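Chain and residue survey
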Amino acid sequence: MDRTFADDVGDWLVAQADSLIKVGGTKQLMGSTWSVLPEVWPPDPATEVFTSALPLGPGTRFLEIGCGAGVTSVVAAMRGCERVVATDINPAAVANTELNAKAHDVGHKVEALTSDLFHELGPEDVFDLIVSNPPLVRAREDRVYDRPIEHSVFDPGYTLHQRFFHEVKPHLAAGGHVFMNTSDTMGDPYSIVALAVRMGFSARKHHSNRIEIPGTLIGWTPAIAAAADERGMIHIDSSIYEFKLL
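Fair warning: this is a prediction, and the values are worked out from it, not measured in the lab.

Note: strand S1 (residues 25–29) against strand S2 (residues 32–36), 5 bridges, orientation antiparallel. Following the sheet pairing, Leu29 is matched in S2 by Ser32. Where S1 folds back onto S2 in an antiparallel hairpin, the turn is made up of 2 residues, including Met30, whose phi is positive at roughly 55°.

Structure (structure tokens):
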């Protein structure tokens with residue numbers, strides 16, 4: 001089967017993150033230094049865009065699904081959210097979130113759990129704001145992974161997205177909001193919105209951002225060449241959607 005634009009860009013993103021994923025290090029983001037442990041997807045400018053667009057503040061019970069290095073959850077705690085819970089299926093990401101929470105003096109405010117989506121939460125765990133920055137690329141269902149970290153970019157058949165909307169309802173407070181990051185160019189937001197609507201949610205685009213990258217930097221594959229503009233630039237967007245129960 002032919003490779004798609006999203007396949008090529010997704011593999012490039014994995015390659016760009018590879019050195020930090022293998023050995024760890026630090027990243028500068030949002031005016032702060034963040035530790036990145038080995039085998040944790042590193043935060044990047046898209047993390048800053050996502051975090052900055054969220055309605056964080058006092059009195060909010062906040063849950064992040066797929067916390068990675070913990071930037072968004074730590075910022076939520078720093079901005080006064082009443083309760084902050086961060087979950088990730090990767091134990092290294094949970095440890096990384098705890099490390100960054102302590103480094104930013106909110107270790108006592110951030111609860112980090114190793115959890116497959118909502119599995120480690122109880123029926124009493126209800127939140128006003130649930131956020132997720134899941135794998136962007138709707139990969140083919142038969143995709144074979146060379147490394148576990150590729151799950152941070154590729155979601156075969158959008159099965160993870162389907163599970164999210166099936167499992168989120170018991171944990172969303174009355175009047176609560178879900179914010180999820182996706183991409184028109186690398187993902188399939190129409191399918192995500194359709195899935196959410198079937199599950200009883202309203203949906204609207206909350207924020208969008210676009211960057212351009214030289215196609216030669218990614219690799220001049222047939223899919224990249226077909227998507228490039230007359231200057232040889234590739235345009236990649238990210239979009240945050242807001243979902244509320246009807």
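As a further point, take the sheet that holds strand S3 (residues 61–65). Ordered by their spatial adjacency, 7 strands build an open sheet running S5-S4-S3-S6-S7-S9-S8, and the pairing between neighbours is mixed. The open sheet has two free edges, formed respectively by strand S5 (110–114) and strand S8 (201–214), since each of these has just one partner strand. Ignoring which end each strand starts from, the neighbouring axes of this sheet average 15° apart. Note that S8 and strand S9 (residues 233–245) share 13 bridges and pair antiparallel. Counterpart to His207 in the pairing with S9 is Ile240. Relative to S5, helix H4 (residues 91–103) is tilted by about 170°, and along the sheet it contacts strand S4 (83–88) and S5.

What follows covers the side chain of Asn181. Within the secondary structure layout, Asn181 lies in strand S7 (residues 172–182). Relative accessible area serves as the criterion here: at 4%, Asn181 is assigned to the buried category. One polar contact links Asn181 to Asn133, side chain to side chain, over a distance of 3.1 Å.

Right, let's get into the packing of helix H2 (residues 45–52) against helix H3 (residues 71–78). Helices that pack against each other are described as a pair by the angle of their axes relative to one another and the distance between those axes. Closest axis-to-axis distance for the H2/H3 pair is 10 Å, and the angle between their directions is 35°. With respect to the hand of their crossing, H2 and H3 are arranged in right-handed fashion. In this structure, H2 uses Thr47, Phe50 and Thr51 to contact H3, whose residues at the interface are Val71, Thr72 and Val75. Among the residues forming the contact of H2 with H3, the class breakdown is 3 nonpolar, 3 polar and no charged.

About the criteria used
Residues numbered from 1 in each chain as written. Predicted model: local features only at pLDDT ≥ 70, side-chain atom pairs only at ≥ 80, totals over all residues. Heavy atoms only, no water. Pairing = 2+ DSSP bridges. Helix = DSSP H or I, 4+ residues; strand = E, 2+ residues; numbered from the N terminus. Axes fitted to C-alpha atoms, helices over the stretch in contact; angles between N-to-C directions. Contact = heavy atoms within 4.5 Å. Buried < 20%, exposed > 50% of the residue type's maximum accessible area, 1.4 Å probe, protein only. Polar contact = N/O pair within 3.5 Å; in protein donor to acceptor, adjacent residues only side chain to side chain. Left-handed = near helix turned anticlockwise from the far one by under 90°. Nonpolar A, V, L, I, M, F, W, Y, C, P; charged D, E, K, R; others polar.

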